[in-house]
Amino acid sequence: MGKSDPRLRLPWYAHVPVWLYAAALVAPLFFVVVSAGKNNLEIFTRPFYLPINDFQWSNFSEAWTRTQMGLALLNSVLVVTASLAVNLLLALPAAYSIARWRGRGGRISEAIFALGLLIPGFAALVPTVLMSIAVGMYQNRGFLVAVFAATSLPLAVILLAQFMRSVPDELEESAMLDGANRLRILWHVYLPVIVPGMATISILNFLGFWNEYLFSLVLLGGDPQLRTVQVALPTLASRTETHYGILMAGTLISIIPVLIVYVALQKQIEKALVDGAVKS
Amino acid sequence: MTAAPAGLLVEEPVGTGPDAPPTPSARGWRRYKSSTFYAFMTPWILGFVGLTIFPLGFALWMSFTNYDGISRTSGVGFENYTRALADTDLHHALLVTLGLMAITVPLGIVLGLALALLLNLNLGFIRPAYRAVLYLPSILPVTTGALAFRMVFDQDVGPVNSILISLGLDAVPWFQGGSSFWMLLAFMFWGIGANMVISLASLQAVPRELLEAAVVDGAGAFQRLLRITLPMISPILLFQIVTGVISALQMFVPAMLMGNSNMSTLDPTGVPEGLQVYMLYVYMTYFSMGEFGYASAMLWLLFIVIVIFTALVFWLSKGRVFYASEA
């Protein structure tokens, strides 16, 4: 930034409110982390104390076994991975059609996709549950995958279509003259160009699917064999035995995958969020 | 750009539109058969119809019946809708929800923009740290946030009450009665990082030359903000208002997680009144009471409210939002 930068330099005291705000944002996470190694008495009497010497490792093993966390993590990984894959597989051809089809159908389809972005997801919750029962797929992870993949399609298709429009027509035409069919063109000409778009969608979807609570809870009916991490975790909190150390240990375990992804991909996550907002 | 219409306004390259005269590059598309198009679109159309349109239509049908999954179903006309209009519990839930929207949407956007303006300055080495910290809560799962808030503000063992007591004050029952509304509000502001990141990206797209020219003309910082920056980013602000209104009106999972004493069941009973938002009431009518018809009617009433508010926002923003393509 040069000397002519019209943006201001900030006096130090202007940072104070931001520090306070940032501290307020971090405080709940701070208490999650330090409380994970304490018992209830210590959480209350010494909230800021860092339990270094008497760290309650048993909180973590308790949280792990009580929620059957291993199974829940496996379920989450399965559901999220399958949903990401199905979503991209369905979105690619649809986005290609919309980006390249000049007929009336392309416009109409894109309009419907755009409308799909406005429909609140929760509205479909109960009818979806009834439908899953009707087709005999209640408490079935495959059905949850289908719901995840389908409900996130509008954004995926619109974003991918925008990336695909950047491929010059001539490139595709010459490929066609060489005798390539549509699927081969999609695979060899488009795929390399739209990798950033696919990354953006996968990041947004990963956060959305991994963090999703409601549909996972209702469609899987809380079955301990099938439930995801987000559904398993709140079962630790029940009226009769509120042991916050264990609850916080479980919470910490459950966000480790998200934290790893955040630390590794923070820039890309921010870009994905902006792309999702601006391009749609 | 805004959520839905922008998708419809993507510019068509000149000469390739359906009505344009054929150009050399358009020849290839002639060989693109409709059947290919529909083959590529079918999986999505099936998914969209099956998992979005059909459930919504089914809810609409249910709203005109006494459907409960058990007894014989019969049509009841508009009975569910008239019942909703007279339901005082629903009025309370709608008031809580509208109050939440009226506070979180404007404050969230202003605060997010203020933070974005700050991050857009010459902050040097501390900027990445600010960004990371301010954005982090908004990507965490809702369960994490709700559980953390329940622990921090717990009446008996929470650190906040522990600090209050050590200062000689009384412990506050944060999650009881009306005061739980403030918990919900605080939770909404926890995830403000998304507003910040979107605003920041739009700020960085404001052309430097414009701002520099204004400096030369003697415009102060506040004038530059008011006359250049705000008009330039107004489409993004509009986008945030629209999505903020829609998500605030249908928000209920945080309320359900923070208010439900026994989180392991599907049945969130005993939620304090400050957390009884509209969609939570709908959810309870479905799952705790099994009144599918009535709950569906409430759902469609909320739809109407959402559409009205969205239309209102667009109507009010007419002529006040600047689109670069019009300039």
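Coordinates for the structure precede this section.
For the structure given in this document, a descriptive report is provided here. (Residues numbered from 1 in each chain as written. Chains lettered and ligands numbered in written order. Predicted model: local features only at pLDDT ≥ 70, side-chain atom pairs only at ≥ 80, totals over all residues. Heavy atoms only, no water.)

**Focus: helix α15 (residues 292-317) of chain B**
Helix length check: α15 of chain B, at 26 residues, gives a terminal C-alpha distance of 37 Å against a target of 38 Å (1.5 Å per residue), a fit within 8%. Phi turns positive one or two residues past the end of α15 of chain B, at G319 of chain B, with a value near 80°. (Helix = DSSP H or I, 4+ residues; strand = E, 2+ residues; numbered from the N terminus. Expected span 1.5 Å × (residues − 1).)

**Looking at the side chain of S35 of chain A**
Mapped onto the elements, S35 of chain A comes out in helix α1 (residues 15-35). Apart from the residues lying within four places of it in its own chain, the contact partners of S35 of chain A are I43, N59, G245 and M248 of chain A together with M151 of chain B. (Contact = heavy atoms within 4.5 Å.)

**Quick notes on the nonpolar core**
Core analysis: the biggest nonpolar cluster contains 157 residues, and L134, F252 and M298 of chain B have the highest contact counts within it. Here this core gets 16 residues from one element, more than from any other, and that element is helix α13 (residues 244-278) of chain A. Here M298 of chain B is in contact with A84, L90, Y278, Y281, V282 and T285 of chain B, once residues within four sequence places are set aside. Counting residues in each nonpolar core, the second largest holds 34 residues, with L92, L186, Y190 and M198 of chain A among its members. (Core = buried A, V, L, I, M, F, W, Y, C linked by side-chain atoms within 4.5 Å. Buried < 20%, exposed > 50% of the residue type's maximum accessible area, 1.4 Å probe, protein only.)

**Regarding the packing of aromatic side chains**
All names here are of chain B. For the structure shown, the criterion picks out 24 aromatic pairs over all chains. Taking 5.1 Å as the distance between ring centres and 85° as the angle between the ring planes, the aromatic pair formed by F64 and F78 counts as edge-to-face. Placement of F64 in the loop between α3 (34-62) and α4 (79-86) and of F78 in the loop between α3 and α4 is noted, with a sequence separation of 14 residues between them. Clustering of aromatic rings is evident, with ring pairs tying together F54, F58, W61, Y67, Y286 and F292. Geometry around Y294 places R83 over its ring, the cationic atom sitting 3.7 Å from the centre. (Phe/Tyr/Trp six-rings, centres within 6.5 Å; stacked < 30°, edge-to-face > 60°. Lys NZ or Arg CZ within 6 Å of the ring centre and 35° of its normal.)

**What about helix α14 (residues 278-287) of chain B?**
Judged by how many residues are buried, α14 of chain B sits mostly within the fold: nine of 10 residues are covered. Residues of α14 of chain B that are buried include every one of Y278, M279, L280, Y281, V282, Y283, M284, T285 and Y286 of chain B, and no others.

**What to know about the pattern of salt bridges**
Two side chains of opposite charge can pair, provided their charged atoms sit close to one another. Residues and elements named next belong to chain A. The tally for this structure, following the rule as stated, stands at five salt bridges over all chains. The closest approach of N and O atoms between R66 and E62, which form a salt bridge, is 2.9 Å. Taken as a pair, R66 and E62 lie in helix α3 (residues 57-66) at a separation of four residues, close to a single helical turn. Look at R66 and you get partly exposed, because its relative accessible area is 36%. Look at E62 and you get partly exposed, because its relative accessible area is 31%. Between K271 and D275 there is a salt bridge, and its shortest N-O distance comes to 2.9 Å. A residue pair is termed a helical-turn pair when its members lie 3 or 4 positions apart in one helix, as K271 and D275 do in helix α13 at four residues. (Salt bridge = Lys/Arg side-chain N within 4 Å of Asp/Glu carboxyl O.)

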